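# Topology and contacts: notes
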Amino acid sequence: MKVSLDLLRSFLAVHRSGSITGAAELLGLAQPTVTAQLRALEEAVGRPLFERLPRGVTPTAAGNELARRVADPLDRLAAVLAEDPSTAYPRTVFLGGSAEFLAERVLPALAGPVADGLELRVSAGLPERLVDDLVAGRLDLAVTSVRPRRRGVAVEPLYDEEFVLVAAPAWAGRLPDPVTAAALHDVPLVAYGEEAPILRRYWRTVFDTRLTRTPSLVVADLRAVRAAVVAGAGVSVLPTYLCRGELASGALRALLAPPVPPLNTLFLAARPGVTGRREVQAVRRTLLAAAAEW
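Note that the structure is a prediction, hence the values are computed from the model and not measured.

So, how was this worked out
Residues numbered from 1 in each chain as written. Predicted model: local features only at pLDDT ≥ 70, side-chain atom pairs only at ≥ 80, totals over all residues. Heavy atoms only, no water. Helix = DSSP H or I, 4+ residues; strand = E, 2+ residues; numbered from the N terminus. Buried < 20%, exposed > 50% of the residue type's maximum accessible area, 1.4 Å probe, protein only. Contact = heavy atoms within 4.5 Å. Areas by Shrake-Rupley, 256 points an atom, 1.4 Å probe, with all protein chains shown as cover. Lys, Arg positive; Asp, Glu negative; His and termini not counted. Charge placed at Lys NZ, Arg CZ, Asp CG, Glu CD. Core = buried A, V, L, I, M, F, W, Y, C linked by side-chain atoms within 4.5 Å. Axes fitted to C-alpha atoms, helices over the stretch in contact; angles between N-to-C directions. Parallel < 35°, antiparallel > 145°, perpendicular 65-115°, else oblique. Nonpolar A, V, L, I, M, F, W, Y, C, P; charged D, E, K, R; others polar. Salt bridge = Lys/Arg side-chain N within 4 Å of Asp/Glu carboxyl O. Polar contact = N/O pair within 3.5 Å; in protein donor to acceptor, adjacent residues only side chain to side chain. UniProt positions renumbered as here; feature names shortened; annotations may be inferred. Phe/Tyr/Trp six-rings, centres within 6.5 Å; stacked < 30°, edge-to-face > 60°. Lys NZ or Arg CZ within 6 Å of the ring centre and 35° of its normal.

Here we come to the overall build of the chain. Of the regular secondary structure elements, the chain holds 12 helices and 11 strands. The C-alpha extent of the chain, read off along each of the three principal axes, is 80 × 45 × 30 Å. Buried positions account for 45% of the 294 residues belonging to the chain. A sequence separation of at least 24 residues applies to 72% of the contacts in the chain between residues at least 6 apart. When the accessible surface of the chain is totalled, it reaches about 14800 Å², and 52% of it is carbon and sulfur. Within the chain, one finds 34 positive and 31 negative side-chain charges whose respective centroids are separated by 4 Å.

Spelled out as structure tokens, the structure:
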């Protein structure tokens, strides 16, 4: 069987993205070209590799077997072709994550590699959008609060966020110690989103009750939530990495110290085909080492 590398690359892109359209975007090809290459490969192997669905495709058993056999060699070949021995970082790395975590943790950790010549392009977004951008090839790496379940995306735990219930001293002085859910009934709540997912999770796991109130202030940036709470707007729940300085200075006070504080794991996800690249590995290693110190 004579099959060109172009056919195998297109096949693997379809397998990883789950659609011909996504593969075409990833490869920078026209959709009809990818469709024709896929048909040519199926004719060469003598069996269907995908089942066509109303939205996208799903691999057959033969498709999964072929992907298992060719993915690693093709990824290694792509990494070799991308290498430039004249520089430590041959290509630009495209990185995504939440705006707050990028600003407070990720970018300071990557300052050294950037100073040494790494070219980095960073964008903020919500978890679902970040994973879509990974699969489509718009990002190489993403830090996401939801574990990606997409085919071909490499995922590893990066950091466990710990959450703390906080208020400015003026509010903290009016509340009992330890604080209870009932004591917070009339205190304004400051939330990251209209559904207040972080607050609701805290109420459920720490107070063992449902939060039924709507927040008084909603702002889609945890740094703005922090600023509002410091200014006395009310009570909120923040990741400790974001308010450690304010807690140390007294600008914020922790209202409760539960034996097991709520945690949320952040994941480092890499798009298919880039994990072997030298510059991507440099970013990965730097972030994992930094996370161990956070």
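Still more to cover.
So, about the nonpolar core. Of all hydrophobic cores here, the largest spans 36 residues; its most connected members are Phe-101, Val-106, Leu-141, Leu-158, Leu-238 and Leu-287. Counting only elements with at least two residues in this core, the list comes to strand 3 (93–97), helix 5 (99–109), strand 5 (141–144), strand 6 (154–167), helix 10 (222–230), helix 11 (240–249), strand 11 (263–270) and helix 12 (278–293). Per-element tally for this core: the top contributor is helix 12, with six residues. Ranked by size, the runner-up nonpolar core spans 21 residues in total, among them Val-179, Val-187, Leu-211 and Leu-256.

A word on the packing of helix 5 against helix 10. Relative orientation of the contacting elements helix 5 and helix 10 amounts to 80°, with a least axis distance of 8 Å. When the axes of helix 5 and helix 10 are compared, the pair comes out roughly perpendicular. From helix 5, Ala-99, Glu-100, Ala-103 and Glu-104 reach across to helix 10, where they touch Leu-222, Arg-223 and Arg-226. Within the contact of helix 5 with helix 10, the residues separate by chemical class into three nonpolar, no polar and four charged.

Scanning the entire structure with this criterion turns up 13 salt bridges. Linking Asp-133 and Arg-138 is a salt bridge whose minimum nitrogen-to-oxygen distance equals 2.8 Å. In this structure Arg-138 comes out as partly exposed when scored by relative accessible area, which is 45%. Of the charged contacts in the structure, one is a salt bridge between Arg-284 and Glu-156, with a shortest N-O distance of 2.6 Å. Residue Arg-284 is found in helix 12, and its partner Glu-156 is found in strand 6; the two are separated by 128 residues along the sequence. A residue is classified by how much of its surface remains accessible, and Glu-156, at 23% relative accessible area, is partly exposed.

Quick look at the side chain of Ser-17 now. Structurally, Ser-17 can be placed in helix 1 (residues 5–17). Ser-17 sits in the buried class, given a relative accessible area of 18%. For Ser-17, the side chain forms a polar contact with the main-chain oxygen of Ala-13, separated by 2.8 Å. Within polar-contact distance, the side chain of Ser-17 engages the backbone oxygen of Ser-19 at 2.9 Å. Not counting the four nearest positions on each side in its chain, Ser-17 is found in contact with Gly-22, Ala-23 and Val-135.

Right, let's talk about helix 7 (residues 127–136) for a bit. Considered for burial, the residues of helix 7 that qualify are Leu-130, Val-131, Asp-133, Leu-134, Val-135 and Ala-136. The elements touched by buried residues of helix 7 are helix 1, helix 2 (20–27), strand 3, strand 5 and strand 11. Of the residues trailing helix 7, Gly-137 is marked for its positive phi of about 90°.

Here the focus is the side chain of Arg-16. Here Arg-16 is to be found in helix 1. With sequence-adjacent residues up to four places away left out, Arg-16 is seen in contact with Ala-71, Asp-75, Val-135, Arg-151, Gly-152, Pro-272 and Gly-273.

Before going further, it helps to spend a moment on the UniProt feature "domain: HTH lysR-type" (unreviewed entry) in the chain. UniProt marks residues 3–60 with the feature "domain: HTH lysR-type" (unreviewed entry), using the numbering shown here. The span residues 3–60 is 62% helical and 10% strand by assignment, and the distance between its end C-alpha atoms comes to 19 Å.

A word on the packing of aromatic side chains. One pass over the structure, following the stated rule, counts nine aromatic pairs. Judged by centre distance (5.1 Å) and plane angle (75°), the ring pair of Trp-203 and Phe-207 falls under edge-to-face. Taken together, the residues Trp-203 and Phe-207, both in helix 9 (residues 197–207) and four residues apart, mark about one turn of the helix. Members of the aromatic cluster, joined through ring pairs, are Phe-101, Tyr-159, Tyr-241 and Trp-294. The lysine or arginine in question, Arg-174, covers the ring of Trp-171, its NZ or CZ lying 4.2 Å from the ring centre.

Moving on: the environment of Trp-294. Within the element layout of this structure, Trp-294 appears in the segment after helix 12. Its relative accessible area of 23% is what places Trp-294 among the partly exposed residues. When the C-alpha positions of Trp-294 and Arg-105 are compared, they lie 8.3 Å apart, and in sequence the two are 189 residues distant. Setting aside anything within four residues of it in sequence, one finds Trp-294 in contact with Phe-101, Arg-105, Ala-109, Tyr-159, Arg-244 and Leu-287.

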